[in-house]
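# Examination of the molecular architecture
Next come the chains, spelled out residue by residue.
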Amino acid sequence: MKPSSSSSFSRVLEITVISGENLHENRKQPVKKNAFVNIKTDNSSCNVQTTRMDKEGGSFPAWNEKLIVDLPMHARHLTVEVQCKNSSGIKTVGIARVPTSDFIGGFLPEDYLHFLSYRLRDVKGEKNGIINFSVRVKNAPPRTTSCAAAYSRQWTVEPVAMGSKNGSCGVVTGIPMYPGSSLIGLSMTRKL
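Residues numbered from 1 in each chain as written. Predicted model: local features only at pLDDT ≥ 70, side-chain atom pairs only at ≥ 80, totals over all residues. Heavy atoms only, no water.

Another point: the overall build of the chain. Within the chain, the regular secondary structure consists of one helix and 10 strands. Mapped from its N terminus to its C terminus, the chain presents α and β elements in the order β-β-β-β-β-β-β-β-α-β-β. Evaluated residue by residue, the chain yields a buried proportion of 35% over its 192 residues. Considering only contacts within the chain whose residues lie at least 6 apart along the sequence, 60% involve residues at least 24 apart. A total of about 12,300 Å² of accessible surface is found on the chain, and carbon and sulfur atoms cover 55% of it. (Helix = DSSP H or I, 4+ residues; strand = E, 2+ residues; numbered from the N terminus. Buried < 20%, exposed > 50% of the residue type's maximum accessible area, 1.4 Å probe, protein only. Contact = heavy atoms within 4.5 Å. Areas by Shrake-Rupley, 256 points an atom, 1.4 Å probe, with all protein chains shown as cover.)

Mapped onto the fold, Glu 81 is located in strand β5 (residues 77-86). We classify Glu 81 as buried; its relative accessible area is 11%. Contact partners of Glu 81, with chain neighbours within four places excluded, come to Phe 36, Val 37, Asn 38, Lys 40, Thr 92, Gly 94 and Ile 95.

The subject of this paragraph is the nonpolar core. Generally speaking, nonpolar side chains in soluble globular proteins are found buried as a group. Ranked by internal contacts, the top residues of the largest apolar core, which has 29 residues, are Leu 13, Ile 15, Ile 39, Phe 103, Ile 131 and Phe 133. Breaking this core down by element, the ones donating at least two residues are β1 (10-21), β2 (35-41), β4 (62-72), β5, β6 (89-99), β7 (114-121) and β8 (127-137). Those residues in contact with Phe 103 that lie beyond four places of it in its chain are Leu 13, Leu 71, Leu 78, Val 98, Glu 110, His 114, Leu 116 and Val 135. (Core = buried A, V, L, I, M, F, W, Y, C linked by side-chain atoms within 4.5 Å.)

Structurally, Val 123 can be placed in the loop between β7 and β8. Separated by 31 residues in the primary sequence, Val 123 and Thr 92 place their C-alpha atoms 7.6 Å from one another.

Along the chain, Asn 47 falls in the loop between β2 and β3 (48-50). Side-chain polar atoms of Asn 47 contact the backbone oxygen of Asp 70, separated by 2.6 Å. (Polar contact = N/O pair within 3.5 Å; in protein donor to acceptor, adjacent residues only side chain to side chain.)

Bringing the packing of aromatic side chains into the picture now. Here the structure, examined in full by the defined rule, presents one aromatic pair. Centre to centre, the rings of Tyr 118 and Phe 133 are 6.1 Å apart; their planes meet at 25°, and the pair counts as stacked. Here Tyr 118 is found in strand β7, whereas its partner Phe 133 is found in strand β8, with 15 residues between them in sequence. In this structure Phe 133 comes out as buried when scored by relative accessible area, which is 1%. (Phe/Tyr/Trp six-rings, centres within 6.5 Å; stacked < 30°, edge-to-face > 60°.)

Think of it this way: side chains of opposite charge can pair up when their charged atoms draw near. Per the counting criterion, the structure on display carries three salt bridges. Of the charged contacts in the structure, one is a salt bridge between Lys 40 and Glu 81, with a shortest N-O distance of 4.0 Å. Note that Lys 40 is positioned in strand β2 and Glu 81 in strand β5, a separation of 41 residues in sequence. (Salt bridge = Lys/Arg side-chain N within 4 Å of Asp/Glu carboxyl O.)

Let us now look at the side chain of Ser 19. Looking at the element boundaries, Ser 19 is found in strand β1. With sequence-adjacent residues up to four places away left out, Ser 19 is seen in contact with Pro 61, Ala 62, Trp 63, Ile 130, Ile 131 and Asn 132.

Along the chain, Asn 128 turns up in strand β8. Along the primary structure Asn 128 and Val 93 are separated by 35 residues, whereas in three dimensions their C-alpha atoms are 7.2 Å apart. Sequence-distant contacts of Asn 128, that is, excluding residues within four places in its chain, are made with Asn 22, Leu 23, His 24, Val 93, Arg 119, Leu 120 and Asp 122. At 2.8 Å, the side chain of Asn 128 forms a polar contact with the backbone oxygen of Val 93.

Before going further, it helps to spend a moment on the pairing of β6. Relative to β6, β5 runs antiparallel, the two sharing 10 bridges. By the bridge assignment for β6, Val 82 is matched with Gly 94. (Pairing = 2+ DSSP bridges.)

Okay, unusual backbone geometry next. Unlike most non-glycine residues, Asn 22 shows phi in positive territory, near 55°. Within the secondary structure layout, Asn 22 lies in the loop between β1 and β2. A positive phi is found at Asn 64, a non-glycine position, where the angle reads about 45°. When you line up the elements, Asn 64 lands in strand β4.

Okay, here's the thing in structure tokens:
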């Protein structure tokens, strides 16, 4: 499915809704069929992406469906809502609010494929199954290496006199030196 619009103020997410586990329409009755998933950003009702209905999976549905979602840069969470269609209409089975910090930022690159499983909560806040999905940022900025590796000049070492009689028992502070610079005569030592 296609997102409604894309701009430079949003990230494009590729979300693969994989499966659900142990879903119940109420505390006693498991979901029999027709479960589907809505994905929306923050509390926005205008940017909703929906999977097809799983007509045979019952309380353990499988979708394996990719959805493309525009995530505004200011968004703090993604809402994953599992619903089912029965004879009385469409019923919300459970909702999970996924913090964007779980798949954006941190130590991993933004375009990293994250596999996530979240506990669903029904309208009363009770546990009601699990949703399994993956998320990848499609329009992530290009990767950069660490600051030291990105800097093209190599670091060099200049000898510094310790200042003690036998050349030991001192603490030395290292100072990075770049080609063409010099700190000759500068010594930072402290007697122990």
